[in-house]
Amino acid sequence: MKPTAKKAATRRPIADRLIRKMRGYAGAKVVDLSAVREGSKNAEALQKTVASRETLADYHPAHAIYVYAQNQTSVMAEQLMMLPEMDRFARLFENAQDEYAPSGPPMSPLTLSFFTCWAFFDAGIGLGRETLGTTTMAVGKMFGMHEDLLRVIGLMQDSRMAVYVHEGLDNDKILLRELVTNRICKAICPSGYQGRFGELWYARVFPPPFAGLDEHVVFTTPYVLIDPGERDWLAYFERTLPHETAEKRTAAYERHMKWGPARDYWPEFVFEAYVNHRHDVIFLRGLPDVPESRPHSEANS
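The rules behind each value
Residues numbered from 1 in each chain as written. Predicted model: local features only at pLDDT ≥ 70, side-chain atom pairs only at ≥ 80, totals over all residues. Heavy atoms only, no water. Core = buried A, V, L, I, M, F, W, Y, C linked by side-chain atoms within 4.5 Å. Buried < 20%, exposed > 50% of the residue type's maximum accessible area, 1.4 Å probe, protein only. Helix = DSSP H or I, 4+ residues; strand = E, 2+ residues; numbered from the N terminus. Salt bridge = Lys/Arg side-chain N within 4 Å of Asp/Glu carboxyl O. Axes fitted to C-alpha atoms, helices over the stretch in contact; angles between N-to-C directions. Parallel < 35°, antiparallel > 145°, perpendicular 65-115°, else oblique. Contact = heavy atoms within 4.5 Å. Polar contact = N/O pair within 3.5 Å; in protein donor to acceptor, adjacent residues only side chain to side chain. pLDDT = per-residue confidence, 0-100. Expected span 1.5 Å × (residues − 1).

Peer 1: Which residues make up the nonpolar core, and what are the values?
Peer 2: Core analysis: the biggest nonpolar cluster contains 85 residues, and Val163, Leu176, Trp201, Tyr202, Trp233, Phe237 and Leu284 have the highest contact counts within it. Top element by residues in this core is helix α4 (residues 61–80). It accounts for 8 residues.

Structural data, given as structure tokens:
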């Protein structure tokens, strides 16, 4: 079975090489204590970047869980990328940072939440589409990461950006209908943007992380697609997706939104489609396959 957006890659040559190397370190009789001490210091410094319990207490519980998992993934990924087996990931990450300077508008339309989710969970390498997320989970599972943290990171790994239609509010929850699948969810938007009926959102929406929580989480600052509208986006997917059975078409849509036809397809779209922003929302214009429709594409330079 070919991997889809809902199934993490099963071929993991990078992770397997890394685990073998780390097992070798763990079993070695001679250990470079200076390297261990330096690694420990670096890990301690990185852990200080993780949101504190007090900070997380101010967040909605569903959001807080994902923030913590994202922080821990970042700490572990940064440590792993120091190893030679992770050189391809390190170069990809560094080159993308140089290209997009992710920080949010006005410096870059790519917010840190968008960029890190893409870099950790969507920027696949090799035929197995290994990511920093799948590698982190493989190493974490082998070396005793808590199963609840592994599960939440797995939810993040299985996530993807999507185009949603704003269907109004249910008390303080936002009703979002995914454009192609028509799935509806009730979500919170931590950026504070509530939006309005009929808007198109390009966003990454995480499912409820635990039983007892029913709120989905719009983890990225929402990108509102101000032009064109729903009809043109449906036409885009009609052009892009194969004319197959409904099940195969949905699977193709999920792969397209997760991986794109090229690794940087969706970051490039955001970068070139940027129009304007507020502190809680970013506005985009254009379609991914019509360069002239995107304000900052080379076609308009």
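Peer 1: I'd like a rundown of the pattern of salt bridges, residues and numbers included.
Peer 2: On inspection of all chains with the given rule, the structure shows 18 salt bridges. The shortest N-O distance in the salt bridge between glutamate 238 and arginine 249 comes to 2.9 Å. You can see glutamate 238 sitting in helix α9 (residues 230–240) and its partner arginine 249 sitting in helix α10 (residues 246–259), a full 11 residues away along the chain. The residue arginine 239 makes a salt bridge to aspartate 289 at a minimum N-O spacing of 2.8 Å.

Peer 1: Describe the packing of α4 against helix α7 (residues 132–142), listing the residues and the values that go with them.
Peer 2: α7 packs onto α4 with a crossing angle of 90° between their chain directions and a minimal axis gap of 10 Å. Judged on the interaxial angle alone, α7 and α4 are roughly perpendicular. Side by side, α4 and α7 meet where Thr73, Met76, Ala77 and Leu80 of the first sit next to Leu132, Thr136, Val139 and Gly140 of the second.

Peer 1: Give me the side chain of arginine 204: which residues, what numbers.
Peer 2: Among the structural elements, arginine 204 can be located in strand β4 (residues 200–206). Polar contacts involving the side chain of arginine 204 include one to the side chain of aspartate 122, which spans 2.3 Å. Those residues in contact with arginine 204, other than ones at most four positions away along the chain, are Cys117, Trp118, Asp122, Met156, Ser159, Arg160, Met161, Val217, Val218, Phe219, Thr220 and Lys258.

Peer 1: So what's going on with the confidence of the model for the protein chain? Residues and values would help.
Peer 2: Summing up the model confidence of the protein chain, the mean pLDDT is 88 and the portion of residues at 70 or higher is 86%. Predicted confidence is poor over residues 1–9, with pLDDT under 50, and the contacts of this stretch with residues over four places away or in other chains come to 17 contacts. This stretch, residues 28–49, has a pLDDT under 50; its non-local contacts, to residues over four places away or in other chains, come to 12 contacts.

Peer 1: Outline α4, supporting the account with residue identities and numerical values.
Peer 2: Its 20 residues give α4 an end-to-end C-alpha distance of 29 Å, which sits within 8% of 28 Å, the value for a rise of 1.5 Å per residue. The buried fraction of α4 amounts to 14 of the 20 residues, a majority that puts the element mostly inside the structure.

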